[in-house]
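This is what each chain is made of:
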Amino acid sequence: MPALSLRLPEDLDQRLEIEARIEQQPRSEVVRIAIVDYLARRERERFMSELVAEARTAYADKSIRHEAMEMAEEGMFTSNEAMGIAEKDTSSLSHSAKQTEKWWK
């Protein structure tokens, strides 16, 4: 395993020492965990930034925006139908969903 040497300000070093004592871990393990967490967070932030940029680009295209709205509307109908099933309300069910309902319920 490669070694890393770094200098810390006195207050950060004290905080690291306290955390290591609380966690009953060596200082190096606390630092490794912190680095892993930091790198994972930065990767998520970059991924989300790219995802948002892609969504904004796609949403600027009218045909993609129209298709997304159609998909959302279809999802709303499905959600309403599922909610009707969950709440035992057959008034919101489509004809095909009513046909699959058991007669003894």
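Residues numbered from 1 in each chain as written. Predicted model: local features only at pLDDT ≥ 70, side-chain atom pairs only at ≥ 80, totals over all residues. Heavy atoms only, no water.

Novice: Mind showing me how you'd approach the overall build of the chain here?
Specialist: Tallying secondary structure elements over the chain gives four helices and zero strands in all. For the chain, the N- to C-terminal ordering of α and β elements is α-α-α-α. Burial statistics for the chain: of 105 residues in total, 8% are counted as buried. (Helix = DSSP H or I, 4+ residues; strand = E, 2+ residues; numbered from the N terminus. Buried < 20%, exposed > 50% of the residue type's maximum accessible area, 1.4 Å probe, protein only.)

Novice: Teacher, can you tell me more about the pattern of salt bridges here?
Specialist: Here the idea is simple: oppositely charged side chains can pair when their charged atoms come close. Tallying each qualifying case throughout the model produces five salt bridges. Of the charged contacts, one joins E29 and R32 as a salt bridge, the two residues approaching to 3.1 Å between their closest N and O atoms. Taken as a pair, E29 and R32 lie in helix 2 (residues 27–60) at a separation of three residues, close to a single helical turn. Its salt-bridge partner being R42, residue E45 comes within 2.7 Å of it at the nearest N-O pair. (Salt bridge = Lys/Arg side-chain N within 4 Å of Asp/Glu carboxyl O.)

Novice: Teacher, can you tell me more about a negative patch on the surface here?
Specialist: On the surface, a cluster of negative charge is made up of E67, E70, E73 and E74. Position of E67 relative to the elements: it lies in helix 3 (residues 62–86). For E67, a relative accessible area of 47% translates into the label partly exposed. (Patch = residues over 30% accessible without salt bridge, like charges linked within 9 Å, V, L, I, M, F, W, Y side chains within 5 Å. Areas by Shrake-Rupley, 256 points an atom, 1.4 Å probe, with all protein chains shown as cover. Lys, Arg positive; Asp, Glu negative; His and termini not counted. Charge placed at Lys NZ, Arg CZ, Asp CG, Glu CD.)

Novice: How should I be thinking about the packing of aromatic side chains in this particular structure?
Specialist: Aromatic ring pairs are defined here through the distance separating the ring centres and the angle between the ring planes. Using the criterion set out here, one finds zero aromatic pairs in the structure. If you follow R65 out to its NZ or CZ, it ends over the ring of Y59, 5.2 Å from the centre. (Phe/Tyr/Trp six-rings, centres within 6.5 Å; stacked < 30°, edge-to-face > 60°. Lys NZ or Arg CZ within 6 Å of the ring centre and 35° of its normal.)

Novice: I tried to follow unusual backbone geometry on my own but got confused; where do I start?
Specialist: Only a minority of non-glycine residues have a phi that is not negative, and only a minority of peptide bonds are not trans. In the Ramachandran plot, Q24 falls in the positive-phi region, its phi being about 55° despite a non-glycine side chain. You can see Q24 is positioned in the loop between helix 1 (10–23) and helix 2. The exposure class assigned to Q24 is exposed, which follows from its relative accessible area of 72%.

Novice: Mind showing me how you'd approach the confidence of the model for the chain here?
Specialist: On average, the chain scores 83 in pLDDT, and the residues at 70 or more come to 73%. When mean pLDDT is compared element by element in the chain, helix 1 scores highest at 98, while helix 4 (residues 95–100) scores lowest at 53. (pLDDT = per-residue confidence, 0-100.)

Novice: Sorry, what's going on with helix 1 here?
Specialist: In an α-helix there are 3.6 residues to a turn, and that puts residues three or four apart on one side. With 14 residues, helix 1 extends 20 Å from end C-alpha to end C-alpha; this agrees with the ideal 20 Å at 1.5 Å per step. Once helix 1 finishes, Q24 follows within two positions and takes phi at roughly 55°, a positive value. (Expected span 1.5 Å × (residues − 1).)

Novice: Mind showing me how you'd approach a nonpolar patch on the surface here?
Specialist: Judged by side-chain polarity, L4, L6, L8, L12, I35, Y38 and L39 come together as a nonpolar surface patch covering roughly 640 Å² of accessible area. Here the element with the most residues in the nonpolar patch is helix 2; it accounts for three residues. Mapped onto the fold, L4 is located in the segment before helix 1.

Novice: How do you make sense of the packing of helix 1 against helix 2 when you look at a structure like this?
Specialist: The description of two packed helices rests on the angle between their axes and on the distance between the axes. Helix 2 packs onto helix 1 with a crossing angle of 100° between their chain directions and a minimal axis gap of 9 Å. Of the possible angle classes, the one that applies to helix 1 and helix 2 is roughly perpendicular. Side by side, helix 1 and helix 2 meet where D13, L16, E17, E19 and A20 of the first sit next to R27, V30 and V31 of the second. (Axes fitted to C-alpha atoms, helices over the stretch in contact; angles between N-to-C directions. Parallel < 35°, antiparallel > 145°, perpendicular 65-115°, else oblique. Contact = heavy atoms within 4.5 Å.)

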